[in-house]
Amino acid sequence: MSGLRSTHHFGQENRLRDQESFVPVEDEFDDVTTGEMELSERQSLRRVPGLSTELSDVTEVEYRQLRLERVVLVGVWTEGTVTDAENSLTELAALAETAGSQVLEGLIQRRTRPDPATYIGRGKVDDLGAVVLSTGADTVICDGELSPSQLRNLEQRTKVKVVDRTALILDIFAQHAKSKEGKAQVELAQLQYLLPRLRGWGETLSRQTGGSGRGGGAGGGVGVRGPGETKLETDRRRIRHRISRLRREIKNMRTVRVTKRARRTRNSVPAVAIAGYTNAGKSSLLNRLTDAGVLVENALFATLDPTTRKATTSDGRLYTLSDTVGFVRHLPHQIVEAFRSTLEEVAEADLVVHVVDGTHPDPEEQVRAVHEVLAEVGADRLPELLVVNKTDAADEDTLLRLKRLWPEAIFVSAYSGRGIDDLRAAIEERLPQPAVEVRAVLPYDRGDLVSRVHRTGEVLSTSHLPEGTLLHVRVSAALAAELAPFDVAREGQAVGSRP
């Protein structure tokens, strides 16, 4: 059974999430920021309807700016329940609004698999065209990654721009990338997506200019390949050359990131990575835990560039907290590949704080999607602390169900601050402990060593003697070697060996 049916009317007034998420955190510190300047800059430049480049006017090499003013969403429901299909389309609507569009209508077709030629089936394309005509839409967004032929066929039949889910996410990334590395990663992902679609994306890209000779015109064949075919091959070479150059640049940037990470490792500073679904509240948590001042916005993929801030435990040990790019179901593989160097920050961490949106209609699907990406970058075997955020906006029945589902999870609200102390304690408990236990008397003129012990080690006890400070600590092997000349305990005793 297949049929094209309308889901909820996605209007501008229909907000997809009514919770107060990603609201700037109010703190007792007046000078703490939550990215207000960056948020103001982002909101000061908005898309102006009617000024986008027309489909036939775009060059083949440059990635086309998506024309997303008034859109109709289309999804194919192949498995799961109707609620799952509607949740997926609701998320697509949120992505479209984040990209700057107005969603007019959402349609779902029940099929065993997407049609290989037109995605929704040849007979239903006319129904889609009628909806586009009646709503006045200028763009169709499909909830899946379309092949070049599917894009071309849908554009020819509906007479409007057709965009798939992957291109939509790439457009949002392009709008939100701020750092040099982030912009290079996004451009690489865009070009990787564009290269196989160069021929099929729009008539301009596939048209062959008729040459001289018998049978000249728009068709192919000997003697009729004109400048259009030559330009297509030229564009492909230029794109491949640009991709190679971007990969070299990102590799060099990765070297800088690896050097910084090696310095933290050498100083025995534990690393904690905050990962999770987009708009789950990762940046809000980072701001609450460290006063980082990271941009906070109720939008998908609001933060792309990773942010690392230092934090200290209750006993004075230093560790780092890193905010990472958000994940989403069916995250384009081009994004994962281009952002691999950034995602390696998660794979190299000592602990992953996995943030879940407690108000989302399907948090279990969020967790599954995040685990898929973590496995792809080799971070699935790291210790994980599950954190359910936005408990101030979630209803009690949902919270009770999630507590039964994830009894070890920490329930917090980055907006109100509820549960933050429990989260800090849980992070401290899961941080790796220094390996060597030492008793040493440090002279009073060696305050530098005392400071390092407090910063990177675990102080079990301290007392002051006439000859210096007596410390009973757990420290790394490297620091223990420096403390060896002042060690008053039996040599070579490690953790657990002392009676």
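Reading the values: rules and limits
- Residues numbered from 1 in each chain as written.
- Predicted model: local features only at pLDDT ≥ 70, side-chain atom pairs only at ≥ 80, totals over all residues.
- Heavy atoms only, no water.
- Helix = DSSP H or I, 4+ residues; strand = E, 2+ residues; numbered from the N terminus.
- Buried < 20%, exposed > 50% of the residue type's maximum accessible area, 1.4 Å probe, protein only.
- Contact = heavy atoms within 4.5 Å.
- Areas by Shrake-Rupley, 256 points an atom, 1.4 Å probe, with all protein chains shown as cover.
- Axes fitted to C-alpha atoms, helices over the stretch in contact; angles between N-to-C directions.
- Parallel < 35°, antiparallel > 145°, perpendicular 65-115°, else oblique.
- Left-handed = near helix turned anticlockwise from the far one by under 90°.
- Nonpolar A, V, L, I, M, F, W, Y, C, P; charged D, E, K, R; others polar.
- Pairing = 2+ DSSP bridges.
- Phe/Tyr/Trp six-rings, centres within 6.5 Å; stacked < 30°, edge-to-face > 60°.
- Lys NZ or Arg CZ within 6 Å of the ring centre and 35° of its normal.
- Expected span 1.5 Å × (residues − 1).
- Core = buried A, V, L, I, M, F, W, Y, C linked by side-chain atoms within 4.5 Å.
- Polar contact = N/O pair within 3.5 Å; in protein donor to acceptor, adjacent residues only side chain to side chain.
- pLDDT = per-residue confidence, 0-100.
- Salt bridge = Lys/Arg side-chain N within 4 Å of Asp/Glu carboxyl O.
- Arc of directions from axis to C-beta.

Draft legend 1. Focus on the overall build of the chain. Secondary structure summary: the chain contains 16 helices and 14 strands in total. Buried positions account for 53% of the 499 residues belonging to the chain. A sequence separation of at least 24 residues applies to 73% of the contacts in the chain between residues at least 6 apart. When the accessible area of the chain is evaluated, it comes to approximately 23,500 Å², of which 49% is carbon and sulfur surface.

Draft legend 2. Region of the structure containing the packing of helix α5 (residues 165-176) against helix α6 (residues 180-194). Contact geometry of α5 with α6 gives a least axis separation of 9 Å together with a crossing angle of 155 degrees. When the interaxial angle is binned, α5 and α6 end up roughly antiparallel. As for the relative orientation of α5 and α6, their crossing is left-handed in sense. In this structure, α5 uses T166, A167, L170, F173 and A174 to contact α6, whose residues at the interface are V186, A189, Q190 and Y193. Taken together, the residues that form the contact of α5 with α6 break down as seven nonpolar, two polar and no charged.

Draft legend 3. Geometry of the sheet that holds strand β9 (residues 351-357). A sheet is described by the order of its strands in space; here six strands give the open sequence β7-β8-β6-β9-β10-β11, paired in mixed fashion. Looking along the sheet, the strands with just one partner apiece sit at the ends: β7 (307-312) and β11 (410-411). Taken together, the four bridges between strand β6 (residues 271-276) and strand β8 (residues 318-323) define a ladder with parallel strand orientation. By the bridge assignment for β8, A271 is matched with T320. Along the sheet, helix α9 (residues 282-290) contacts β6, β7, β8, β9 and β10 (384-389); its crossing angle with β8, the most-contacted strand, is approximately 155 degrees. Against the sheet, helix α12 (residues 363-376) touches β6, β9 and β10, its axis set at about 150 degrees to β9.

Draft legend 4. Representation of the packing of aromatic side chains within the structure. By the definition in use, this model includes zero aromatic pairs. The residue whose ring lies beneath R110 is W77, and the NZ or CZ to ring-centre distance is 4.3 Å. The ring of F411 carries the charged tip of K403 above its face, separated from the ring centre by 5.4 Å.

Draft legend 5. Region of interest: the pairing of strand β12 (residues 436-442). The element β12 is largely enclosed, with a buried count of five among its seven residues. Examined bridge by bridge, β12 and strand β14 (residues 468-475) share seven bridges and lie antiparallel to one another. Pairing of V438 across the sheet is with V473, part of β14.

Draft legend 6. How the structure looks around α5. The end-to-end C-alpha distance of α5 is 17 Å, a good match for the 16 Å that twelve residues give at a rise of 1.5 Å each. In terms of burial, α5 is a largely internal element, ten of the twelve residues being buried. Listed in full, the buried residues belonging to α5 are R165, T166, A167, L168, I169, L170, D171, I172, F173 and H176.

Draft legend 7. Seen up close, the nonpolar core. Core analysis: the biggest nonpolar cluster contains 99 residues, and L73, F327, L423 and I427 have the highest contact counts within it. A total of seven residues in this core trace back to one element, the largest contributor, which is α6. Contacts of L423, omitting those with residues within four sequence positions, involve L285, L289, L385, V387, I410 and V412. Membership of the second largest hydrophobic core comes to 14 residues, among which are V438, A440, V459 and V475.

Draft legend 8. Here's a closer look at the side chain of S413. Tracing the sequence through the fold places S413 in the loop between β11 and α14 (420-430). Reaching out from S413, the side chain makes a polar contact with the side chain of D392 at a distance of 2.8 Å.

Draft legend 9. Structural detail: the confidence of the model for the chain. Taken over all residues, the pLDDT of the chain has a mean of 76, while the share at 70 or more is 73%. Per-element confidence in the chain ranges from a low mean pLDDT of 42 for helix α7 (residues 203-206) to a high of 96 for β11. Note on residues 8-34: pLDDT under 50 across the span, and 70 contacts to partners over four residues away in sequence or across chains.

Draft legend 10. Highlighting the pattern of salt bridges. Scanning all chains against the criterion turns up 15 salt bridges. Two residues, D115 and R111, come together in a salt bridge whose shortest N-O distance is 3.8 Å. Accessibility expressed as a relative area gives 14% for D115, which makes it buried. The exposure class assigned to R111 is buried, which follows from its relative accessible area of 19%. One salt bridge in this structure joins R157 and D126, with 3.3 Å as the shortest N-O distance. Remark: D126 occurs in helix α3 (residues 122-135) and R157 occurs in helix α4 (residues 148-158); sequence separation between them is 31 residues. The class of R157 is partly exposed, set by a relative accessible area of 36%.

Draft legend 11. Spotlight on the environment of H330. For H330, the location among the structural elements is in the loop between β8 and α10 (333-338). Since its relative accessible area comes to 57%, H330 is described here as exposed. Spatially, the C-alpha atom of H330 lies 7.5 Å from that of A369, the residues being 39 residues apart in sequence.

Draft legend 12. Quick peek at helix α15 (residues 447-456). Residues of α15 that are buried: L449, V450, V453 and T456. Within α15, the buried residues cover an arc of 155 degrees as seen down the axis, which keeps them to one side.

Draft legend 13. Quick peek at the sheet that holds strand β13 (residues 458-465). The sheet built from three strands is open, its strands ordered β12-β14-β13 with antiparallel pairing. The open sheet has two edge strands, β12 and β13, and neither has a second partner. The sheet shows a mean angle of 10 degrees between the axes of neighbouring strands, taken without regard to direction. On the sheet, α15 packs against β12, β13 and β14 and is oriented at approximately 30 degrees with respect to β14.

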